[in-house]
Amino acid sequence: MKIISTPNELKEYLKNTQQSIGFQANQSIGFVPTMGALHEGHISLIKKARKENEIVVVSIFINPTQFLKGEDLDNYPKRDEADKQICKLSGVDVLFFPHAKDIYTEDEVSILAPKVRGYVLEGTSRPSHFDGVLTVVMKLLNIVNPTTAYFGKKDAQQLYLISLMVKQMFMSVNIVAVDTVRESDGLAMSSRNIYLSQQERREALKISASLYQAGKMISQKILDTKIIISKMRETLEPLEISYVAILNRDFELARHVEIGNTLILVEAKVGTTRLLDNLWL
Ligand code: PAF
């Protein structure tokens, strides 16, 4: 596995690699952008990329522009050596590990998240978070120039906005959504789970439990979103709920669940840790 830290070196390396393996139209680059602290969720993205592409690139970059003042940028988990091992063992060809100075200069051009869908849900408590996400993803996609980029469904709003950016900016990369990986008790895997105490870890299970409950109600043909949300809120008590929302796949509020076009999203604070989870129906 090759480890590269500058954009120009990576571009050059990928150009040469593609040429040396005899570039044909179907020789693809699969790309998994991450902020490190890799867990089973990331590994499933990498495995999918490995299965579907000739060349697999993973980036590890804790992107400062997506953290708001006072957020956990400085304390964001860093596990560089373990991450490198995970990438190596998962069959990654190239690990892109830039420093902030390799990605950002001063007085930058940036991407702004859409004014409505970028500023609701997670964007309400974290205004400008998605500007930072979209800007860095645009930069990374331009550096790697992948055929396909892989993102987790757990960050559903991020996934939606990245797909929207790709469509609206007429970019040619395919965006693939990969299912959330869960612990055996249902907790969605997240780099932030390591912040949870044992007690908080138990409380956090209310989040996935609320989604299972929604799924159960829907299987009993209860499709009114108000009724489902109110039951989910009961299950989530006493957690501090940021939002429980039922949307269609265009990220508009839905009054009724429609199988194949519904997304149930939850964000709640457990101790000081904000956790996201969702159910795709
Ligand atoms: O989901 C993440 O880890 C980050 O938001 C991403 C997409 C790598 C951009 O920094």
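Summarised in this report is the structure supplied together with it. Since the model is a prediction, treat every value here as computed from it, not as a measurement.

Some remarks on unusual backbone geometry
Then step 1. Residue Glu-237 is joined to Pro-238 through a cis peptide bond whose omega torsion reads 5°.
Then step 2. Its location among the elements puts Pro-238 in the loop between helix H9 (225-236) and strand E7 (240-248).
Then step 3. With a phi angle near 50°, Asn-145 is a residue other than glycine that sits in the positive phi range.
Then step 4. Its location among the elements puts Asn-145 in the loop between helix H6 (129-144) and strand E5 (148-152).

Side note on the packing of aromatic side chains
Then step 1. Throughout the structure, instances matching the rule amount to three aromatic pairs.
Then step 2. Ring centres of Phe-61 and Tyr-104 lie 6.3 Å apart, and the angle between their planes is 35°; on these two criteria the pair is classed as tilted. Of this pair, Phe-61 sits in the loop between strand E3 (55-60) and helix H3 (80-89) while Tyr-104 sits in the loop between helix H4 (100-103) and helix H5 (122-125), and the two are 43 residues apart along the sequence. Each member of the pair, Phe-61 as well as Tyr-104, is classed as buried.
Then step 3. Measuring from ring centre to ring centre gives 5.7 Å for Phe-67 and Tyr-76, while their planes differ by 75°; the resulting arrangement is edge-to-face. Across this residue pair, the class does not change: Phe-67 and Tyr-76 are buried.

What to know about the site of the ligand
Then step 1. Around the ligand, the neighbouring residues are Pro-33, Thr-34, Met-35, Asn-63, Gln-66, Val-136, Phe-151 and Gln-158.
Then step 2. Interatomic distance of 2.7 Å between a side-chain N/O atom of Gln-158 and an oxygen atom of the ligand.
Then step 3. Calculation on the ligand without its partners gives an accessible area of 290 Å², and the protein chains cover 89% of this total.
Then step 4. Split into classes, the residues belonging to the shell around the ligand amount to four nonpolar, four polar and no charged.

Here we look at the pairing of E3
Then step 1. Burial within E3 is extensive, with six of its six residues counted as buried.
Then step 2. Bridge count for strand E2 (residues 29-34) against E3 is six bridges, and the pairing is parallel. Across the sheet, Phe-31 pairs through a bridge with Val-57, a residue of E3.
Then step 3. Taken together, E2, helix H2 (residues 40-52) and E3 constitute a β-α-β crossover, and its handedness is right-handed.
Then step 4. Pairing geometry for E3 and strand E4 (residues 94-96), over three bridges, is parallel. If you follow Val-57 over to E4, its bridge partner there is Val-94.
Then step 5. Chirality of the crossover, the property in question, places the unit of E3, H3 and E4 among those that are right-handed.

Remarks on the pairing of strand E6 (residues 174-178)
Then step 1. Strand direction decides the pairing type here: E5 and E6, joined by five bridges, are parallel. Paired with Ala-149 across the bridge in E6 is Ile-175.
Then step 2. For the handedness criterion, the β-α-β arrangement of E5, helix H7 (residues 156-168) and E6 is classed as right-handed.

Concerning the nonpolar core
Then step 1. Grouped together as the largest cluster of nonpolar side chains are 44 residues, with contacts concentrated most on Leu-10, Leu-14, Val-57, Val-137, Leu-141 and Leu-265.
Then step 2. Per-element tally for this core: the top contributor is H6, with ten residues.
Then step 3. Every residue in contact with Leu-10, bar those within four places of it in the chain, is listed here: Ile-4, Val-94, Phe-96, Ile-143 and Val-144.
Then step 4. Core analysis: the next-biggest nonpolar cluster, separate from the first, contains 22 residues, Leu-187, Leu-196, Ala-214 and Leu-236 among them.

Remarks on the side chain of Gln-66
Then step 1. Position of Gln-66 among the secondary structure elements: in the loop between E3 and H3.
Then step 2. Among the polar contacts listed, one links the side chain of Gln-66 to the side chain of Asn-63, at a separation of 2.9 Å.

The rules we used
Residues numbered from 1 in each chain as written. Predicted model: local features only at pLDDT ≥ 70, side-chain atom pairs only at ≥ 80, totals over all residues. Heavy atoms only, no water. Helix = DSSP H or I, 4+ residues; strand = E, 2+ residues; numbered from the N terminus. Phe/Tyr/Trp six-rings, centres within 6.5 Å; stacked < 30°, edge-to-face > 60°. Buried < 20%, exposed > 50% of the residue type's maximum accessible area, 1.4 Å probe, protein only. Near = heavy atom within 4 Å. Polar contact = N/O pair within 3.5 Å; in protein donor to acceptor, adjacent residues only side chain to side chain. Areas by Shrake-Rupley, 256 points an atom, 1.4 Å probe, with all protein chains shown as cover. Nonpolar A, V, L, I, M, F, W, Y, C, P; charged D, E, K, R; others polar. Pairing = 2+ DSSP bridges. Right-handed = clockwise from strand over helix to strand, strands pointing away. Core = buried A, V, L, I, M, F, W, Y, C linked by side-chain atoms within 4.5 Å. Contact = heavy atoms within 4.5 Å.

Bear in mind that shape data such as this cannot, by itself, settle questions of function.
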